[in-house]
Amino acid sequence: MRRETRMLRFVLVAAAGLAACRPAKCLDVWWHLSMGKAAFEHRALSFPDPVGPDPGALYVDPEWTFDLLVLGLYELGGMGLILAAVGVLAALSGWAMLRLAESLVKDPWAALGLAALGVAGVSYRFAARPQSFFLVLLPLVIWLARERRWLPLFGLGLFWSQSHSSFVLAPFVMLGAAWPLTRRDWPLLLLLPLPLVGPFGLEIIDQVLTHSSVEGIEDMSPADASWFWPPGLVGSGRSLAPLILELQLVVGAFGLVRIWRDPSRWLGPFALALLGLALSLTAVRFFAAATVLALPFAAQGLALGSRGRWWALLLVPVLPYLFWAGGPRLAPVAGELPFGVESRLPEGLIFNDYDSGGYLGWQGPARVFIDGRTPVHFDEVWFARADEATRLPEAFFALDQQWGFDGAVVPKRAPLCEALDARWGAVWSGEAVALFLPGRASALRGACEGISGSLARCEPAHREAWLGELSAVDGPYARRVEAALLLECGVARPDEARRALELATEQDPDSPDLPWLRAVLALREGDEDALWYWLDQAGDGAEPLMLRLALLEALGDEEDLQRELERAERILVPPPSSLVELRGRHPAPSR
């Protein structure tokens with residue numbers, strides 16, 4: 001192999017590893033630490049759930065190898081060592097891509113280009129999660145199956161079955177990679193039952209079917225995960241994986257002209273590409289795996305090229321992309337974590353959002369309502385209930401009546417935060433979340449970052465200074481808060497509020513705050529038609545409902561007022577004091 005190709009091989013592998021050493025924006029690592037600690041203490045793969053709401057629930061840990069590994073790394077060197085290990089895994093994946101590509105195409109330059117596509121497709125998914133094992137094992141298993149190296153393949157398959165739920169794919173991947181089979185390939189038959197030795201056993205089949213159901217796909221796959229998705233956010237990182245998969249399928253399609261020569265050799269790569277395509281349609285995070293599975297198919301078309309050096313030019317955009325998608329920053333943590341709240345947590349059960357639960361459970365002493373485990377390991381209904389309660393305050397208070405929460409840690413911009421700010425006591429406020437305790441006087445006024453939380457700064461002494469600070473800040477959220485202050489704080493500046501709203505609409509037209517603010521602007525300007533239109537668009541939040549009731553009361557429309565009162569009482573549970581007072585002035589008619 002020429003010196004320049006050896007050097008470029010090294011550059012590609014090193015870039016893959018360095019680009020993965022990024023801040024731990026994936027918060028799942030914390031609940032993996034909790035599970036690793038419980039598995040170590042119990043010396044078992046099943047144990048009482050250490051952080052969930054039900055202390056007696058038995059948890060079966062299907063990823064115990066990863067959990068014990070991150071626990072050991074954390075004890076030795078903290079989060080920095082874990083992130084360095086993620087970089088090592090990404091480099092190993094890059095090396096495995098190269099070995100696989102070299103087994104698929106003879107030209108070393110073409111192999112470099114093919115491997116570059118695979119590395120770029122998986123780079124954004126490397127994080128302190130078991131999926132990093134998956135992204136190393138997948139190209140290795142395909143390569144070893146093609147080379148008929150059964151003994152190391154058996155060892156990797158056994159490890160895969162104990163480290164990530166994707167091991168259910170192993171039999172299909174091995175068959176597709178080794179196809180066409182001969183009599184000498186009988187050891188492969190011994191490898192096919194490997195998924196049954198995982199901690200879940202046969203139950204994993206039911207787990208996968210549930211996760212891949214129509215409802216599961218709708219819950220876990222954002223609607224914007226479309227096939228011609230431009231460079232942007234896909235899953236948990238900036239990814240070109242959908243476009244890379246499209247390119248691989250197009251390149252591989254050129255190889256179909258040779259199918260008549262040897263259809264059996266073409267069948268395996270085609271089956272793997274179909275498997276990757278099917279996976280990509282179930283959840284956006286599987287686009288990374290799909291780009292690996294499509295490599296043998298892409299090689300069918302790549303082999304038609306007369307000069308592999310042209311394919312190696314793919315390294316030119318891939319190398320800068322790796323650092324754009326990640327970047328070699330060995331930061332110990334991400335800014336989203338609720339550092340400091342652990343010293344204020346009460347004992348007992350706290351409600352929390354999906355993302356912060358892993359960290360809160362690791363810190364203790366409270367048990368958390370949900371800790372970040374995906375529905376493969378956790379009840380999908382539970383996931384949906386936690387998500388609904390964060391978005392809809394009435395759903396939270398219904399849960400509170402059932403569970404009796406001792407506290408709540410919620411995102412500062414969630415609708416629930418503003419509801420708790422009015423009814424519970426805020427005792428701690430961090431960068432992204434706030435802690436509320438029931439039956440406490442609030443130590444913090446305006447702990448939330450929603451519109452009504454910002455209105456706590458309406459006092460004249462603070463208002464002008466706050467408006468001055470906002471004028472120096474860019475972004476749609478700053479413009480929305482500025483408009484709210486101008487409209488709600490008794491400041492007669494509707495023209496400035498309108499300009500702020502127009503800027504906010506330009507930058508973030510889908511914000512749920514905008515209809516409500518436009519309704520208030522229409523009220524200030526006396527535009528009754530616009531007022532009712534924007535109130536209808538604003539939905540069933542507390543502010544739009546109360547404003548609608550106030551308007552109906554002022555208009556003397558008793559029939560519509562009674563109808564809206566009944567609807568507000570169903571939605572706002574428990575009712576705010578203003579609603580109770582309004583009902584006192586307008587009692588329900590006797591039937």
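Chains are numbered independently. Their residues run from 1 in the order of the written sequence. Local features are withheld for residues below a pLDDT of 70 in this predicted model, meaning they are given only at 70 or higher, and side-chain atom pairs are given and counted only at 80 or more; totals for whole chains, interfaces and linings count all residues. Here the side-chain values reflect all heavy atoms present in the structure, with hydrogen atoms and water set aside.

Participant: Would you explain the environment of Phe40 in this entry?
Facilitator: Where helices and strands are cited, they refer to DSSP runs of H or I of at least four residues and of E of at least two residues respectively, numbered from the N terminus. With respect to the helices and strands, Phe40 occurs in helix α2 (residues 29-42). Burial classes: relative accessible area under 20% of the type maximum marks a residue as buried, over 50% as exposed, and values in between as partly exposed (1.4 Å probe, protein chains only). Residue classification places Phe40 among the partly exposed residues on the basis of a relative accessible area of 47%. Along the primary structure Phe40 and Leu68 are separated by 28 residues, whereas in three dimensions their C-alpha atoms are 7.2 Å apart.

Participant: I would appreciate a short explanation of the sheet that holds strand β5 (residues 349-352) in the present structure.
Facilitator: Two orientations exist for strands paired in a sheet by backbone hydrogen bonds: parallel and antiparallel. One open sheet accounts for 5 strands, arranged β6-β5-β7-β9-β8; its pairing is mixed. Of all the strands in the sheet, the pair left with one neighbour each is β6 (367-368) and β8 (425-429). Any two strands between which DSSP finds at least two bridges are classified as paired. Inspection of the sheet shows β8 paired to strand β9 (residues 433-437) by 4 bridges, in the antiparallel sense. By the bridge assignment for β9, Gly425 is matched with Leu437. Note on definitions: a residue-residue contact is assigned when non-hydrogen atoms from the two residues lie within 4.5 Å. Here an angle of 0 to 180 degrees is reported between the N-to-C directions of two axes, which are lines fitted to C-alpha atoms, with helices fitted over the stretch in contact. Most of the contacts of helix α20 (residues 415-423) go to strand β7 (residues 407-411), to which it runs at about 140 degrees, and overall it touches β5, β7, β8 and β9.

Participant: Help me understand the packing of aromatic side chains in this model?
Facilitator: Any two aromatic rings considered together are summarised by their centre-to-centre distance and by the angle between their planes. Pairing of aromatic rings covers Phe, Tyr and Trp, the last through its six-membered ring, and needs centres within 6.5 Å; plane angles under 30 degrees mean stacked, over 60 mean edge-to-face, and all others mean tilted. Tallied over the full model, the rule gives 19 aromatic pairs. Where Phe270 meets Phe297, the ring centres are 6.1 Å apart and the plane angle is 55 degrees; that geometry is what we call tilted. Residue Phe270 is found in helix α12 (residues 263-280), and its partner Phe297 is found in helix α14 (residues 295-302); the two are separated by 27 residues along the sequence. Take Phe270: its relative accessible area is 29%, and that puts it in the partly exposed class. Taken together, the ring pairs connect Phe351, Phe369, Phe396, Phe397, Trp403, Phe405 and Trp424 into an aromatic cluster. Sitting above the plane of the Phe40 ring, Arg43 keeps its charged end 4.3 Å from the centroid. Whether a charge lies above a ring is judged from NZ of Lys or CZ of Arg, which has to be within 6 Å of the ring centre and within 35 degrees of the ring normal.

Participant: It is not clear to me how unusual backbone geometry should be interpreted in this structure. Could you clarify?
Facilitator: Outside of glycine, negative phi angles account for most residues, and trans bonds account for most peptide bonds. Here the amide bond leading from Trp179 into Pro180 is cis, since omega sits at 5 degrees, within 30 degrees of zero. Mapped onto the secondary structure, Pro180 falls in the loop between α7 (170-178) and α8 (187-191). Backbone geometry places Arg43, a non-glycine residue, at a positive phi of 55 degrees. One can find Arg43 in the loop between α2 and β1 (46-48). Unusually for a residue other than glycine, Arg148 sits at a positive phi of about 60 degrees. Among the structural elements, Arg148 can be located in the loop between α5 (131-147) and α6 (150-161).

Participant: What exactly am I supposed to notice about the nonpolar core here?
Facilitator: Burial of nonpolar side chains together is a common tendency in soluble globular proteins. To form a nonpolar core, buried Ala, Val, Leu, Ile, Met, Phe, Trp, Tyr and Cys residues must be joined to one another through side-chain atoms within 4.5 Å. Counting 103 residues, the largest nonpolar core has Phe126 and Leu138 as the members making the most contacts within it. In terms of residue count, helix α3 (residues 64-104) provides more of this core than any other element does, 17 residues in total. Those residues within four positions of Leu138 in sequence are excluded, and the remaining contacts are Trp160, Val173, Ala289, Val292 and Leu293.

Participant: Before we go on, may I ask you to explain helix α26 (residues 528-538) in this structure?
Facilitator: Along an α-helix, residues three or four apart share an orientation, since each turn contains 3.6 residues. Within the span of α26, buried status applies to Leu531, Leu535 and Ala538. In an axial view of α26, the angular spread of the buried residues amounts to 60 degrees, which keeps them on one side of the axis. Counted as exposed and oriented over 90 degrees from the buried face of α26: Asp529 and Asp536. Just beyond α26, the residue with positive phi is Gly539, at close to 85 degrees. It is the directions from the helix axis to the C-beta atoms that the arc portrays.

Participant: What am I meant to see in the pattern of salt bridges here?
Facilitator: Any carboxyl oxygen of Asp or Glu that lies within 4 Å of a side-chain nitrogen of Lys or Arg is treated as forming a salt bridge with it. Enumeration over the complete set of coordinates arrives at 7 salt bridges. Arg148 is the salt-bridge partner of Asp185, the closest N and O atoms lying 3.2 Å from each other. Linking Asp185 in the loop between α7 and α8 with Arg148 in the loop between α5 and α6, this pair joins segments that are 37 residues apart in sequence. Judged by relative accessible area, which is 6%, Asp185 ranks as buried. Note that Asp560 is salt-bridged to Arg563, the shortest N-O span being 2.1 Å. Placement of the pair is Asp560 and Arg563 together in helix α28 (residues 558-571), with a separation of 3 residues, close to one helical turn. Several salt bridges converge on common partners, so that one network encompasses Arg9, Arg99 and Glu102.

Participant: How should I be thinking about the packing of α12 against α14 in this particular structure?
Facilitator: Geometrically, a packed helix pair is captured by the angle between its two axes and the distance between the axes. Running from N to C, α12 and α14 point in directions that differ by 130 degrees, and their axes come no closer than 7 Å. Here α12 lies oblique to α14, going by the angle between them. Listed contacts from α14 to Trp266, Pro269, Phe270, Leu272 and Ala273 of α12 are Pro296, Phe297 and Gln300. In this classification, Asp, Glu, Lys and Arg are treated as charged, Ala, Val, Leu, Ile, Met, Phe, Trp, Tyr, Cys and Pro as nonpolar, and every other residue, Gly included, as polar. Across the contact of α12 with α14, the residue classes tally to 7 nonpolar, 1 polar and no charged. Any angle that is under 35 degrees is reported as roughly parallel, and any over 145 degrees as roughly antiparallel; angles of 65 to 115 degrees are reported as roughly perpendicular and all others as oblique.

Participant: Whenever I open this one, the packing of helix α11 (residues 241-254) against α14 confuses me. Can you help?
Facilitator: Two numbers describe how α11 lies on α14: the axes approach to 6 Å, and their chain directions differ by 45 degrees. By the criterion of interaxial angle, the relationship of α11 to α14 is oblique. In the crossing of α11 with α14, the sense of the turn from one axis to the other is left-handed. From α11, Gln248, Leu249, Val251, Gly252, Ala253 and Phe254 reach across to α14, where they touch Leu295, Phe297, Ala298, Gln300, Gly301 and Leu302. Of the residues assigned to the contact of α11 with α14, the class counts are 8 nonpolar, 4 polar and no charged. Each helix crossing is assigned a hand: it is left-handed if the near helix lies turned anticlockwise from the far helix by less than a right angle, otherwise right-handed if that turn is clockwise.

Participant: What am I meant to see in the side chain of Ser132 here?
Facilitator: When you line up the elements, Ser132 lands in helix α5. Residue class for Ser132 comes out buried when judged on its relative accessible area of 0%. Contacts of Ser132, omitting those with residues within four sequence positions, involve Val86, Leu89, Phe126 and Ala127.

Participant: Help me out: how do you make sense of the pairing of β8 in this one?
Facilitator: Within a regular strand, side chains alternate between the sheet's two faces. Among the 5 residues in β8, 4 count as buried, and that is most of the element. Two successive antiparallel strands, β8 and β9, enclose a turn made up of 3 residues.

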